[in-house]
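Topology and contacts: notes
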Amino acid sequence: MALLSNKTRIMLNLFVPQRRKSDPRLALSAADSQLDGKTVVFTGGTDGIGREAVIRLHRLGAHVVILGRSEAKGQTLLAQLNQNGGNGQASFELCDLASMASVQDCVQRILSANSRIDVLVNCAGINMTQCVLTGDGFETNWAINYLGPVVLTELLLEPLKASTAGRIVNLTTNTEFIDRLDIDQIQSKPDFATNATYVESKLAMNNYSIELAQRLNSSGVTVNSLCPGYIKSNLLRYLSGTEKVMQSIMNLMASPTEVGADRIVRLVASSAFTGVSAEYVCEDKMKPHHPEAMNPSKRQAMQQLTQARLAHWL
């Protein structure tokens with residue numbers, strides 16, 4: 001019997017200093033560093049590890065289509081990329097993952113400009129501590145962390161299949177913080193306002209990643225989940241009170257954004273992941289998926305529920 005529960009172990013780890021630099025042994029080879037001609041659609045690319053990853057992908061020669069809900073942040077990033085030089089191209093598309101109609105509109109613009117997409121990175125995330133419903137009637141964590149990315153991914157599958165070896169990278173978190181997904185509870189709440197919305201929405205995305213990887217098995221498109229580790233970010237900006245004080249302490253312990261960005265870029269570009277699919281990468285290593293994600297019946301039940309709730313936009 002374990003001395004500490006998963007939840008306790010994860011909480012204690014928040015106060016342990018994390019790696020300050022990326023592991024040089026995992027650096028991209030010269031061949032993998034050539035992304036000229038590759039188109040990468042990237043959500044959450046205007047802040048934190050997403051922004052740093054976009055800068056690196058652009059430097060490697062990729063055409064990065066940056067999706068975000070702030071036009072000002074998007075244009076500021078484009079200006080920085082232009083100033084930095086680099087070998088790549090970049091464009092910005094307004095997209096609010098909390099609005100399924102916004103995702104649909106964004107996809108139409110992407111498709112009109114790109115016949116092929118090589119990589120989709122679902123990096124955008126949010127951790128709301130209060131229940132706030134979106135205009136579509138969904139709890140915000142579920143909308144931005146799961147429902148919006150599912151709509152985006154499903155609508156971009158055809159141009160991803162047109163790539164010679166498309167990749168989908170879905171950012172997740174340490175889902176061991178919870179024991180299970182209560183499908184019955186989710187089913188009973190049309191707005192997805194469940195008990196642990198942040199971690200549950202991420203675990204649901206892990207489930208979707210495995211199901212999608214199996215569906216795309218013969219297409220050449222791979223799908224993997226990445227927990228980038230304990231990284232300094234704005235993800236905890238909605239904390240308040242004592243938890244807000246804890247955030248400042250935890251950010252001192254966390255790895256800098258560069259470490260998380262390198263982990264994203266590795267899954268995007270490294271030949272070590274050629275043909276690798278349905279895996280869970282935690283920081284720098286492949287690890288077993290959460291037991292719930294390995295349960296086919298639970299995955300299928302979640303997908304049926306998701307398809308029913310998103311039928312209007314898919």
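An account of the accompanying structure is given in this report.

Quick notes on the rules
Residue positions are counted from 1 within each chain, in the order its sequence is given. Per-residue local features are limited, in this predicted model, to residues with pLDDT of at least 70; the limit for side-chain atom pairs, both in listing and counting, is 80 or more; totals at the level of whole chains, interfaces and linings are taken over all residues. Note that the side-chain values use all heavy atoms of the structure and ignore hydrogens as well as water. Convention adopted: a line fitted to C-alpha atoms gives each axis, helices being fitted over their contacting stretch, and angles between N-to-C directions are expressed from 0 to 180 degrees. Numbering of helices and strands runs from the N terminus, with a helix taken as a DSSP run of H or I at least four residues long and a strand as a DSSP run of E at least two residues long. We call two directions roughly parallel when the angle between them is under 35 degrees, roughly antiparallel when it is over 145, roughly perpendicular when it lies between 65 and 115, and oblique otherwise. By definition, residues are in contact when any of their heavy atoms lie within 4.5 Å. By definition, turning the near helix anticlockwise from the far helix through less than a right angle yields a left-handed crossing, and turning it clockwise yields a right-handed one. Think of it as three bins: nonpolar holds Ala, Val, Leu, Ile, Met, Phe, Trp, Tyr, Cys and Pro, charged holds Asp, Glu, Lys and Arg, and polar takes everything else, Gly as well. Relative accessibility under 20% of the residue-type maximum defines a buried residue, over 50% an exposed one, and the middle range a partly exposed one, all with a 1.4 Å probe and only protein chains included. Buried Ala, Val, Leu, Ile, Met, Phe, Trp, Tyr and Cys residues form a nonpolar core when they are joined through side-chain atoms within 4.5 Å. For a helix, the expected span equals 1.5 Å multiplied by the residue count minus one. Should DSSP find at least two bridges between two strands, the strands are taken to pair.

Let us now look at the packing of helix α5 (residues 140–155) against helix α11 (residues 296–310). Packed helix pairs are specified by the crossing angle of their axes together with the interaxial distance, meaning the distance between the axes. Where α5 meets α11, the closest approach of the two axes is 11 Å, and the angle between their N-to-C directions is 80°. Viewed along their axes, α5 and α11 adopt a mutual orientation that is roughly perpendicular. Residue-level inspection shows W142, Y146, L147, V150 and V151 of α5 in contact with α11, the latter providing M302, Q303, T306 and L310.

Moving on: the packing of α5 against helix α8 (residues 197–215). For the pair α5 and α8, interaxial distance at closest approach is 7 Å and the crossing angle is 20°. One way to sum up the angle between α5 and α8 is to call them roughly parallel. As α5 runs across α8, the sense of the crossing is right-handed. For the pair α5 and α8, the contacting residues are N141, W142, N145, Y146, P149, V150, T153 and E154 in the first and T197, Y198, E200, S201, K202, A204, M205, Y208, L212 and R215 in the second. Taken together, the residues that form the contact of α5 with α8 break down as 9 nonpolar, 5 polar and 4 charged.

The phi dihedral of F192 is positive, around 65°, even though this residue is not glycine. Inspection of the secondary structure puts F192 in the loop between α7 (183–188) and α8. A relative accessible area of 0% places F192 in the buried class. Residue E283 is not a glycine yet carries a positive backbone phi of 60°. Looking at the secondary structure, you find E283 in the loop between β7 (280–282) and β8 (285–287). Assessed through its relative accessible area of 29%, E283 is described here as partly exposed.

To continue, consider the environment of K189. One can find K189 in the loop between α7 and α8. K189 sits in the partly exposed class, given a relative accessible area of 28%. When the C-alpha positions of K189 and F138 are compared, they lie 9.5 Å apart, and in sequence the two are 51 residues distant.

A word on the nonpolar core. Counting 51 residues, the largest nonpolar core has Y146, L156, I168 and M302 as its most contacted members. Elements with a contribution of two residues or more to this core: β2 (63–68), α4 (100–113), α5, α6 (157–161), α7, α8 and α11. Top contributing element to this core by residue count: α8, with 9 residues. Beyond its immediate chain neighbours, meaning those up to four positions away, I168 contacts L120, N122, T153, L157, L160, L212, L216, V221, T222, V223 and N224. The next biggest cluster of nonpolar side chains, apart from the first, holds 33 residues, and it includes L57, L60, F92 and C123.

Further remarks concern the environment of D32. The residue D32 is located in the loop between α1 (6–13) and β1 (39–43) in this model. A sequence separation of 28 residues divides D32 from L60, and the C-alpha atoms of the two residues are 9.1 Å apart.

Relative to the 16 Å expected for 12 residues at 1.5 Å per residue, helix α2 (residues 48–59) spans 17 Å between its end C-alpha atoms, a close match to the ideal helical length. At its buried positions, α2 is contacted by β1, β2, α3 (71–84), β3 (89–94) and α10 (257–269). Just downstream of α2 lies G61, where phi reads positive at about 105°.

Once that is clear, we can look at the sheet that holds β7. Hydrogen bonds between backbone groups are what pair the strands of a sheet, and the pairing can be parallel or antiparallel. One open sheet accounts for 8 strands, arranged β3-β2-β1-β4-β5-β6-β7-β8; its pairing is mixed. Among the strands making up the open sheet, the edge pair consists of β3 and β8. Pairwise comparison of adjacent strand axes, ignoring direction, gives a mean angle of 25° for this sheet. As judged from the 3 bridges shared by β7 and β8, these two strands associate in the antiparallel manner. Across the sheet, V281 pairs through a bridge with M286, a residue of β8. The sheet contacts of α8 involve β4 (119–122), β5 (167–171) and β6 (222–227), and relative to β6 the element is tilted by about 155°.

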